[in-house]
Amino acid sequence: MQPEEKPNNNPSRPPRPTGNSGVKPQGSGRGNGNGRGGNRGQGGGNRQNDGKQLGGNLTVSRGQAVRALKRTQMDAQRIANQYQAAAAGKPKRANVINDTPMVKFIGLGGMDGGGSKNMIVMEYQNDAIIMDCGNDLGVDLPGINYGIADTAYLEQIRHKIRAYVITHGHLDHIGGLPHIVPKFPAPIYGSKFTIGRVEEIFENFGLPMPDGFELKTITMNENTHERLKIGEFFVELVRITHSIPGSTCIVLDTPVGRFINTGDFRLDPNPLDHERSDIERLQALGDEGVLALLSESTTTERLGRTPSESTIEESFNDIMKNAPGRVFVGLFSTNMNRVQMIINAAVSHNKKVAMDGRSMVSTLEMAVRHGFVRIPKGTFVPIASAATIKDTDLVVVCTGSQGEPSSAMQRMSNGEHRHVKLKEQDTVVLSSSPIPYSGNDAKIRSMVDDLHKKGVHVRQHITREIDNHGPLHVSGHASIDEYKDMINFTKPKFFVPIYGDFTSKMRHIDIAIEEGIPRASTINIENGVVLGFTADTMEVLGEVPHGTTLVDQTGATVSNVVVKDRVLLAEEGLVSVVLTIDKKNGALLTSPDIISRGFIYMRENEEVMNGLRVELKRAVQQRFKRVDLDRFKAELKDHITHYLFEQTQRSPIVIPVVNIISGKPDGAKTVHQSKTKTAEEIASDQQKRFQEMRARLLGQDQQD
């Protein structure tokens with residue numbers, strides 16, 4: 001968000017009323033210093049009082065205050081609109097009339113922003129398959145946990161959806177499933193580990209599933225080249241290496257030709273689990289003919305090749321051999337190959353292993369159950385027992401390598417962990433690098449600062465040469481030479497980069513052109529764009545509704561309007577005023593109550609608050625009996641905004657509350673009256689009712 005532009009407080013510029021104020025001067029002349037309009041000639045004097053503005057002696061024009069408020073609101077809306085829902089824009093449908101059988105490619109997510117909330121629809125006539133269905137954990141908005149792809153277009157094609165086919169088990173590829181699949185039910189296809197991850201997130205999802213919904217999953221064998229028919233499509237999974245077991249490419253055979261979605265990949269020649277990429281199958285598919293390669297584009301600006309996972313194994317052995325005390329390793333919760341590597345190193349040095357972090361423990365349980373991780377008997381101890389183990393005999397594996405606020409490593413670093421207190425001679429290994437586009441660098445640095453303050457030895461991949469140790473992390477994504485290899489293995493007719501921002505996809509197109517793909521056979525598209533494929537052509541057909549649905553910590557969706565208000569509250573705060581007015585004579589029954597939250601500290605700004613009370617009293621005297629209640633509230637809100645901007649140069653959210661007190665409703669008739677109350681009794685009753693109502697309105701809010 002850009003810093004707010006300061007208003008031009010040029011005293012030579014006369015105050016200028018605006019149409020937003022709700023009060024218009026009735027004179028044709030220019031308003032004078034007290035906000036009154038000039039006379040409109042003969043007969044104008046009778047209307048002069050009703051045309052009075054709530055201006056007082058304010059020196060900043062109302063126009064400046066309103067413009068400042070609009071700038072603040074526009075800034076908040078611009079921030080919220082980065083994750084705009086499809087319904088909030090002007091959605092377009094595919095705008096082509098063409099009877100030629102075509103396969104449509106539609107990226108509802110993953111085509112921008114670093115490849116987040118990845119989700120692609122492949123559609124042919126009356127059948128559609130959804131490839132991946134992820135979330136975006138990089139959303140930085142108040143109260144928002146993550147975003148998922150907007151499903152407005154799926155509403156239009158719900159009768160066509162036959163399956164969800166998943167490349168691998170990372171949340172940016174499966175995190176949207178619990179939200180979307182229950183609304184648009186279809187079986188979920190994937191490798192054994194991927195389906196295990198899918199079932200895991202459904203089990204741990206915080207919200208109840210709709211009545212009658214039943215999760216249907218189908219495990220495919222990526223090692224046997226199994227092909228399954230789904231509607232008009234045939235689907236095959238091909239083994240590929242990444243930073244999570246069970247990663248695959250999706251091979252989609254359609255009536256017009258073959259598509260290959262690479263998923264996230266690297267071509268690791270020596271993975272720890274010995275499950276190398278099935279290059280032979282990719283080459284065979286390329287020899288048979290590939291219409292379009294849909295290739296992930298996360299790290300297309302990195303030269304050479306990504307190192308093998310096996311290159312870091314010796315580093316963990318050395319650290320465990322030489323560490324003077326306990327060893328703590330922070331890594332991604334889904335990186336089970338690296339967990340296995342750490343377990344192997346711990347066992348070889350006769351150390352016990354404790355694990356912490358709910359997501360990591362849940363994934364490990366699933367991985368052990370399906371045979372992806374093997375743990376020698378007696379190796380693991382509960383994290384609650386860590387304090388009873390000799391320091392030199394303990395390794396703790398936990399989440400938090402990205403500095404996540406509630407992660408196990410973060411709680412250890414700031415001393416809030418329930419079972420573990422870090423101390424001097426402990427060694428903390430951060431076996432990861434900051435996630436691209438996430439802005440985690442500052443969080444990691446802050447956590448490292450806290451660790452160093454405790455006298456802990458910190459080992460990071462980025463400082464390995466300074467600290468004189470081996471590599472501690474390898475990327476799960478390819479480098480340029482591997483992207484070239486994928487193009488040459490598959491030899492596609494058309495090339496569409498996916499799962500990356502515009503720049504990384506542009507670089508990927510440059511790589512493809514260098515490898516012999518004609519530029520006319522490539523395209524860099526954004527979310528919502530519809531590509532149409534025949535056996536010989538690729539063309540843009542139009543655009544469909546797309547956007548982001550925001551999800552809070554409970555799993556519930558949050559409106560874009562609510563997010564805008566949260567941003568405004570975070571930036572400018574809130575001021576509420578409560579006026580209690582006698583309906584009969586229009587007089588204030590008590591001094592205005594003012595509540596400030598996140599704006600200014602009222603006790604240190606008594607002059608501003610007292611001035612606001614004066615303005616409020618004058619507003620009631622001048623306008624309450626002259627206009628209807630709704631207009632009075634609108635004028636009041638505008639005037640408060642004007643006054644506060646002049647005093648503070650800030651534009652908080654303003655909420656006026658007008659409480660009208662009446663002795664009895666208009667037109668009410670007294671049928672029986674046993675006793676006539678005195679004026680003192682009536683006043684006492686009225687004051688009592690007012691105090692009760694005031695207490696209900698203010699509750700525990702700060703008053704002044």
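Heads up: the structure comes first, above all this text.
Residues numbered from 1 in each chain as written. Predicted model: local features only at pLDDT ≥ 70, side-chain atom pairs only at ≥ 80, totals over all residues. Heavy atoms only, no water.

A. Main features of the packing of aromatic side chains. According to the stated counting rule, one finds six aromatic pairs in the structure shown. On the numbers, 5.0 Å between centres and 85° between planes, the contact of F193 with F372 is edge-to-face. Of the two residues, F193 sits in helix α5 (residues 192-203) while F372 sits in the loop between α9 (358-369) and β16 (394-398), which places them 179 residues apart along the sequence. Judged by relative accessible area, F193 falls into the buried class, the value being 0%. Where F202 meets F213, the ring centres are 6.3 Å apart and the plane angle is 20°; that geometry is what we call stacked. (Phe/Tyr/Trp six-rings, centres within 6.5 Å; stacked < 30°, edge-to-face > 60°. Helix = DSSP H or I, 4+ residues; strand = E, 2+ residues; numbered from the N terminus. Buried < 20%, exposed > 50% of the residue type's maximum accessible area, 1.4 Å probe, protein only.)

B. Local environment of the environment of L228. Structurally, L228 can be placed in strand β9 (residues 227-230). Setting aside its immediate chain neighbours within four residues, L228 contacts Y189, I218, M220, F233, F234 and V235. (Contact = heavy atoms within 4.5 Å.)

C. Focus on the sheet that holds β16. Strand order in this open sheet of five strands is β15-β16-β14-β17-β18, and the pairing throughout is parallel. Since the sheet does not close on itself, it has two edges, and those belong to β15 (352-356) and β18 (457-460), each with one partner. For this sheet, the mean inter-axis angle between neighbouring strands, taken without regard to orientation, is 20°. Contacts from helix α8 (residues 336-348) reach β14 (327-330), β15 and β16 within the one sheet, and its direction differs from that of β16 by about 175°. Contacting β15 and β16, α9 runs over the sheet at an angle of about 120° to β15. (Pairing = 2+ DSSP bridges. Axes fitted to C-alpha atoms, helices over the stretch in contact; angles between N-to-C directions.)

D. Representation of the side chain of E615 in the model. You can see E615 is positioned in helix α16 (residues 606-623). Dropping the residues within four chain positions of it, E615 is found in contact with H639 and Y643.

E. The arrangement of the side chain of H473 in detail. Its place among the elements puts H473 in the loop between α12 (464-467) and α13 (480-490). In this structure the side chain of H473 is engaged in a polar contact, spanning 2.8 Å, whose partner is the side chain of R338. Beyond its immediate stretch of four places on either side in the chain, H473 contacts I312, F332, R338, S431, S432, S433 and H461. (Polar contact = N/O pair within 3.5 Å; in protein donor to acceptor, adjacent residues only side chain to side chain.)

F. Seen up close, the pattern of salt bridges. Inspection of the entire model under this criterion finds 25 salt bridges. The residue E288 makes a salt bridge to R281 at a minimum N-O spacing of 4.0 Å. Among the ionic pairs, D510 bridges to R519, the shortest N-O distance being 3.9 Å. Using a relative accessible area of 33% as the deciding quantity, one classes D510 as partly exposed. Through salt bridges with shared partners, a single network forms among R227, E236, D253, R258, R281 and E288. (Salt bridge = Lys/Arg side-chain N within 4 Å of Asp/Glu carboxyl O.)

G. Structural context of helix α15 (residues 560-572). Its 13 residues place the ends of α15 18 Å apart at the C-alpha level, agreeing with the 18 Å of an ideal helix rising 1.5 Å per residue. Residues of α15 that are buried include every one of N560, V563, K564, V567, L568 and E572, and no others. Viewed end-on, α15 has its buried residues packed into an arc of 140°, placing them on one side of the element. Backbone nitrogen of V561 and a side-chain oxygen of the N-cap are separated by 3.1 Å at the start of α15; the cap is S559. Trailing α15 by a residue or two, G573 shows a phi angle of about 85°, which is positive. (Expected span 1.5 Å × (residues − 1). Arc of directions from axis to C-beta.)

H. Representation of the environment of P307. With respect to the element layout, P307 can be found in the loop between β13 (290-296) and α7 (313-322). Its relative accessible area of 46% is what places P307 among the partly exposed residues. Each C-alpha atom of the pair P307 and V474 lies 6.3 Å from the other, and the pair is 167 residues apart in sequence.

I. Main features of the sheet that holds strand β22 (residues 548-552). Taken together, the four strands give an open sheet; going across it, the order is β4-β5-β22-β23, and neighbouring strands pair in antiparallel fashion. What marks the edges here is a single partner per strand, and that holds for β4 (135-136) and β23 (557-558). Note that strand β5 (residues 144-149) and β22 share five bridges and pair antiparallel. Bridge pairing in β22 places I144 opposite D552.

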